[in-house]
Amino acid sequence: MKSFFHSLITLIKKDLSIERHTREIFLVMLIFALSILFILNFALDTEVKARSSGAAGLIWVILVISGQLSLNQIMNLEKQGNMLEALLTAPVSRTAIYLSKVITCFLAMIAMALIIYPLYSIFYNTPLRSVHHLWVALLGCWGYASLGTLISGMTIQTRMRDILLPVLFFPVIIPLIVAAVNSSSVIFRGEPIGSALPWISQLIAFDVIFTAIGIISFEYIVED
Amino acid sequence: MTAGSADAAELAEPLIVAQNIQKRFGRRKVLKSASLQIRRGECVILTGENGAGKSTLIKVLAGIIKAEAVDRFTFRGKPFPEDDAQRRAIGLISHQPMLYLDLSAAENLRFFAEIYAVPNAEERINSLLQRIGMESRKDDPIRTYSRGMQQRVSICRALLHDPDLLLLDEPFTGLDSKSAAILEELILEAKEQQKAILITTHAPLVIRHLATRFLNLEKGLLVDREPVDREPAQ
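Q: Quick question: what am I supposed to make of the overall build of chain B here?
A: Within chain B one finds seven helices and 10 strands. For a compact globule of 234 residues, the expected C-alpha radius of gyration is about 17 Å, and chain B comes in at 17 Å, within 12% of that figure. Taking the principal axes of its C-alpha atoms as reference, chain B extends roughly 45 × 40 × 35 Å. Burial statistics for chain B: of 234 residues in total, 56% are counted as buried.

Q: Teacher, can you tell me more about the sheet that holds strand 3 (residues 43-47) of chain B here?
A: All names here are of chain B. As summarised here, the arrangement of the six strands in space is 6-7-8-3-9-10, forming an open sheet in which the pairing is mixed. Two strands in the sheet have a free side with no partner beyond their single neighbour: strand 6 (90-93) and strand 10 (221-224). Recorded for the sheet is a direction-independent mean angle of 20° between the axes of neighbouring strands. Strand direction decides the pairing type here: strand 6 and strand 7 (residues 165-169), joined by four bridges, are parallel. If you follow I90 over to strand 7, its bridge partner there is L165. Here helix 2 (residues 54-62) sits on the sheet and contacts strand 3, strand 6, strand 7, strand 8 (196-200), strand 9 (213-218) and strand 10; the angle it forms with strand 7, its principal contact strand, is near 155°. Along the sheet face, helix 6 (residues 147-159) touches strand 6 and strand 7 and points at about 170° away from the line of strand 6.

Q: Looking at this structure, how should I read the sheet that holds strand 4 (residues 72-75) of chain B?
A: The pairing of strands in a sheet comes from backbone hydrogen bonds and takes either a parallel or an antiparallel form. All names here are of chain B. Ordered by their spatial adjacency, four strands build an open sheet running 2-1-4-5, and the pairing between neighbours is antiparallel. Unpaired on one side and paired on the other, strand 2 (28-38) and strand 5 (78-79) mark the two borders of the sheet. In the packing of helix 2 onto the sheet, contacts are made with strand 1 (16-25), strand 2 and strand 4, and the angle to strand 1 comes to roughly 125°.

Q: Sorry, what's going on with helix 8 (residues 197-223) of chain A here?
A: Residues three or four positions apart in an α-helix share a direction because the helix packs 3.6 residues into each turn. All names here are of chain A. Taking 1.5 Å of rise per residue, the 27 residues of helix 8 would be expected to cover 39 Å, and the 39 Å separating its terminal C-alpha atoms lies within 8% of that figure. Along helix 8, the helix axis deviates most sharply at S217, where the bend reaches about 50°. For helix 8, every residue scored as buried is listed here: I200, L203, F206, D207, F210, T211, G214, S217, F218, I221, V222 and E223.

Q: Help me understand the interface of chain A and chain B, please; the structure alone is not making it clear to me.
A: Reports often express the size of an interface as the amount of accessible area lost when the parts come together. Each partner contributes to the interface: chain A provides 31 residues, whereas chain B provides 28 residues. A combined buried area of about 2,600 Å² lies between chain A and chain B, and 57% of that area is made up of carbon and sulfur atoms. Per-residue buried area on chain A facing chain B is highest for A:T89, A:P91 and A:E223; these three make up 25% of the total on that side. B:K66 serves as the salt-bridge partner of A:E219, at 3.4 Å between the closest nitrogen and oxygen. Where chain A packs against chain B, one counts nine residue pairs in polar contact (both at pLDDT 80 or more).

Q: How should I be thinking about unusual backbone geometry in this particular structure?
A: Across the chain, the bulk of peptide bonds are trans and the bulk of non-glycine residues have phi less than zero. For the bond from B:F80 to B:P81, the omega torsion is -5°, close enough to zero to count as cis. Located in the positive-phi region is A:R23, a residue other than glycine, with phi close to 55°. Position of A:R23 relative to the elements: it lies in the loop between helix 1 (2-22) and helix 2 (26-43). Judged by its relative accessible area of 48%, A:R23 falls in the partly exposed class. The residue B:A117 is not glycine, and still its phi comes out positive at about 50°. The topology assignment puts B:A117 in the loop between helix 4 (105-115) and helix 5 (121-131).

Q: Would you mind showing me how to read the pairing of strand 3 of chain B here?
A: Regular strands place side chains that alternate from one sheet face to the opposite one. All names here are of chain B. Counting buried positions along strand 3 gives five out of five residues, so the element sits mostly inside the fold. Here strand 3 shows no split at all, with C43, I45 and T47 on one side and V44 and L46 on the other all buried. Inspection of the sheet shows strand 3 paired to strand 8 by four bridges, in the parallel sense. Paired with V44 across the strands is L198, a residue of strand 8. Bridge analysis of strand 3 against strand 9 gives four bridges, and the strand direction is parallel. Within strand 9, the position partnered with I45 by the bridge is F214.

Q: What am I meant to see in the packing of aromatic side chains here?
A: We describe a pair of aromatic rings using the distance from one ring centre to the other and the angle between the two ring planes. All names here are of chain A. The tally for this structure, following the rule as stated, stands at 12 aromatic pairs over all chains. Ring centres 6.4 Å apart and planes at 15° place the aromatic pair Y117 and F188 in the stacked group. Taken together, the residues span a long stretch of sequence, with Y117 in helix 5 (residues 94-123) and F188 in helix 7 (residues 161-188) at a distance of 71 residues. With respect to burial, Y117 and F188 carry one shared label: buried. Taking 4.5 Å as the distance between ring centres and 40° as the angle between the ring planes, the aromatic pair formed by F206 and F210 counts as tilted. Placement of both F206 and F210 in helix 8 is noted, with a separation of four residues, approximately one turn of the helix.

Q: What am I meant to see in the environment of A:I174 here?
A: Residues and elements named next belong to chain A. Tracing the backbone shows I174 in helix 7. Judged by relative accessible area, I174 falls into the partly exposed class, the value being 47%. Spatially, the C-alpha atom of I174 lies 18 Å from that of A212, the residues being 38 residues apart in sequence.

Q: Is there a simple way to explain the nonpolar core in this structure?
A: Nonpolar side chains in soluble globular proteins tend to end up buried together. Ranked by size, the top nonpolar core spans 150 residues in total, and within it A:W60, B:L61, B:L167, B:I187, B:L198 and B:I199 carry the most contacts. Per-element accounting of this core gives the leading share, 16 residues, to helix 5 of chain A. Setting aside chain neighbours within four positions, we find B:L167 in contact with B:I58, B:L61, B:A62, B:I90, B:G91, B:L92, B:I93 and B:L198.

Q: Help me out: how do you make sense of a nonpolar patch on the surface in this one?
A: All names here are of chain A. Nonpolar side chains collect at one region of the surface, where M160, I163, V167 and L168 lie side by side and expose about 360 Å² of accessible area between them. Its location among the elements puts I163 in helix 7. Residue class for I163 comes out exposed when judged on its relative accessible area of 52%.

Q: Can you walk me through the side chain of A:E85 in this structure?
A: Summarising the element assignment, A:E85 is placed in helix 4 (residues 83-89). Excluding residues that lie within four positions of it along the chain, A:E85 makes contacts with B:K59, B:I64 and B:M98.

Cut-offs used in this document
- Residues numbered from 1 in each chain as written.
- Chains lettered and ligands numbered in written order.
- Predicted model: local features only at pLDDT ≥ 70, side-chain atom pairs only at ≥ 80, totals over all residues.
- Heavy atoms only, no water.
- Helix = DSSP H or I, 4+ residues; strand = E, 2+ residues; numbered from the N terminus.
- Rg over C-alpha atoms; globule rule 2.2 N^0.38 Å.
- Buried < 20%, exposed > 50% of the residue type's maximum accessible area, 1.4 Å probe, protein only.
- Pairing = 2+ DSSP bridges.
- Axes fitted to C-alpha atoms, helices over the stretch in contact; angles between N-to-C directions.
- Contact = heavy atoms within 4.5 Å.
- Expected span 1.5 Å × (residues − 1).
- Bend = angle between axes of the 7 residues up to and from the residue.
- Buried area = accessible area lost by both parts, 1.4 Å probe.
- Salt bridge = Lys/Arg side-chain N within 4 Å of Asp/Glu carboxyl O.
- Polar contact = N/O pair within 3.5 Å; in protein donor to acceptor, adjacent residues only side chain to side chain.
- Phe/Tyr/Trp six-rings, centres within 6.5 Å; stacked < 30°, edge-to-face > 60°.
- Core = buried A, V, L, I, M, F, W, Y, C linked by side-chain atoms within 4.5 Å.
- Patch = residues over 30% accessible without salt bridge, like charges linked within 9 Å, V, L, I, M, F, W, Y side chains within 5 Å.
- Areas by Shrake-Rupley, 256 points an atom, 1.4 Å probe, with all protein chains shown as cover.

By themselves, these figures tell us nothing about what the structure is for.
Here is the structure:
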């Protein structure tokens, strides 16, 4: 168990170190997300009430699309120079490889959420109302990262990976996005968090199911 | 465990045994029934036409891909892959450098030293980099290196954890004469240290002096075969 956590931490540190050198993941996501936020400013109704009602959906659309850029980049790190094979030869559990990618993607996503939520609130004069947004963002980003890493692991070996990833990923992520948007909407409307419990339960279930599937199946995906 | 600490019984046994490996990609059966065993101190040169399945065999032996079927597959006397200690005893060089292009040579080697739990890592990294003449460029990103320099660092990566089995997939490809000489020197040294070595190549005559025996992969089967002079030299 000790060596599992040692490998996991080493792999995450390596990904973060590459990101520190290249800034290819977070910076690209941030520029993309800010661009969409800026474009929405012109596309949306200027009425505050209309902007508030659509806030949850728009924030999650930004997170989902910019998150896909991180998925491509994070798995691509292992594609360049045949690094995935180097890791598969090494005494590293396949679960540690999978979880390291999930955690790196999760960290990029949650950092993005921590920027986008307040920015949306400031730009569009939509009060956040509650810190409960944080729990929804944590659950939503984890589910996104766990499923995204799993599908990215499947498509990374293929010639059409850039096309296959969104085609396979978006239909499966819909239940998570629906739950995240509905939970966030409840919080934006200032209703008690209890009203969002069915949606939050759906988020938790999604996270547990796809993290478990990823842990069980990643070995077979990358070794065959 | 290094050869020095292996006891006599272990030294007498083949380090790696694989019987009747089968592997198919789609409808094409690349390995039909490939069998081999390599003892410590042996350097086996594996030849075969392009697409014969040499790299696939190396990947199966390294535990990167699973064989579709295999009768017996042991490494260090135990079924492979069974534990991390077995993986820790394999060093692999492939066509590609297997290095993170955005990290420096030193950062790459530090990462692998962590993963393989190499004791006195910094000392070992420096001595290997000095050995291959890359110490002065160790802090430059790998992507700024030439192909030959990347391959030299790749050699360091493969030797970093002092493996018992070296799997070298066309390791001389893209190397200049100086780098090739260093690699030959390291292979001979590994042989002397009773490590088992498997090298795939298209130019067996060039490295004939390193070999203890030759294998050829033909139609998915491994056969003993000495190279003949008409084969192209590198």
